[in-house]
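# Geometric and topological summary
What follows is the residue order along each chain.
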Amino acid sequence: MEQIVVDPDRCTGCRSCELGCAVRHSKAKTLLGAISESPLPRKRLFVETFGGRTGPVICRHCADAPCVKSCISGCLYHDERGFVRRRKERCIGCWSCVAACPFGVITPDPVLGLAVKCDRCHKSAMPACVEACPTGALTLADLDAVAAAARRQVLAAEAGQKKGA
């Protein structure tokens with residue numbers, strides 16, 4: 001399964017990902033239409049800054065998802081592709097999922113009384129946040145390929161140290 005991968009070294013904190021997410025989840029699907037909606041469409045990821053670094057915090061669609069386990073109404077579930085999804089008609093606004101999410105990416109919508117979370121843009125080939133990112137800080141990648149690239153970087157760094165030693 002492909003996941004959204006974050007490269008914090010490339011993130012400039014421009015928040016284009018947040019904007020793209022909110023527009024994709026708007027009724028109008030356009031920026032101009034989205035800003036005139038009431039209630040305003042909500043983003044499902046959050047650009048945060050801590051310790052001098054800035055980057056988007058996104059839902060990991062955990063295989064052993066605390067949010068799904070804590071959902072007492074059966075609103076949250078794993079779909080056939082492994083994404084944590086929401087049946088909004090079942091959400092009772094108890095916010096158990098908000099409290100359980102270790103990444104803080106599920107938020108309550110007090111106007112609609114619903115939990116709001118990333119659906120990984122399941123109806124689209126490419127998530128809106130990835131499409132909107134102008135620096136390539138967000139990409140859609142196979143996690144096995146990401147891990148293999150990290151291992152190659154470790155070997156390259158070790159080889160560089162041996163040459164300099």
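Everything discussed here concerns the structure shown above.
Residues numbered from 1 in each chain as written. Predicted model: local features only at pLDDT ≥ 70, side-chain atom pairs only at ≥ 80, totals over all residues. Heavy atoms only, no water.

## Notes on the overall build of the chain
Rules: In this description a helix means any DSSP run of H or I spanning at least four residues, a strand means any run of E spanning at least two, and both kinds are numbered starting from the N terminus. With a 1.4 Å probe rolled over the protein chains alone, any residue whose accessible area is under 20% of its type maximum counts as buried; one over 50% counts as exposed, and the rest are partly exposed. Here the Shrake-Rupley method, with its probe set to 1.4 Å, supplies the accessible areas, and only the displayed protein chains count as covering residues. Lys and Arg are tallied as positive, Asp and Glu as negative. Neither His nor the chain termini are counted. In plain terms, the charge of a residue is placed at NZ if it is Lys, CZ if Arg, CG if Asp and CD if Glu.
Each helix and strand in the chain was counted, giving six helices and eight strands. Ordering the α and β elements of the chain from the N terminus gives β-α-α-β-β-α-β-β-α-β-β-α-β-α. Overall, the C-alpha framework of the chain stretches about 60 × 35 × 30 Å when taken along its three principal axes. Considering the chain as a whole, with its 165 residues, one finds that 36% of them fall into the buried category. Surface exposure of the chain reaches about 9800 Å², of which carbon and sulfur atoms provide 57%. Of the charged side chains in the chain, 24 are positive and 16 negative; the average position of the first set lies 2 Å away from that of the second.

## Brief notes about the side chain of Asp79
The test is simple: Counted as a polar contact is a pair of N or O atoms within 3.5 Å, where, for protein atoms, one must be capable of donating a hydrogen and the other of accepting one, and residues adjacent in sequence contribute only when both atoms are in side chains.
Here Asp79 lies in the loop between strand S4 (76-78) and strand S5 (84-86). By relative accessible area, which is 8% here, Asp79 ends up buried. A distance of 2.8 Å separates the side chain of Asp79 from the backbone nitrogen of Arg81, its partner in a polar contact.

## Regarding the pattern of salt bridges
When their charged atoms lie close together, side chains carrying opposite charge are able to pair. Here is the rule we go by: For this document, the term salt bridge refers to a Lys or Arg side-chain nitrogen within 4 Å of an Asp or Glu carboxyl oxygen.
Tallied over the full model, the rule gives seven salt bridges. A salt bridge links Lys43 to Glu18; the nearest nitrogen and oxygen atoms lie 3.3 Å apart. A residue pair is termed long-range when its members are at least 10 positions apart, and Lys43 in the loop between helix H2 (31-35) and strand S2 (46-50) and Glu18 in helix H1 (residues 16-24) qualify at 25 residues. Judged by its relative accessible area of 29%, Lys43 falls in the partly exposed class. Looking at Glu18, the relative accessible area reads 8%, which means it is buried.

These figures come from the coordinates and say nothing about function on their own.
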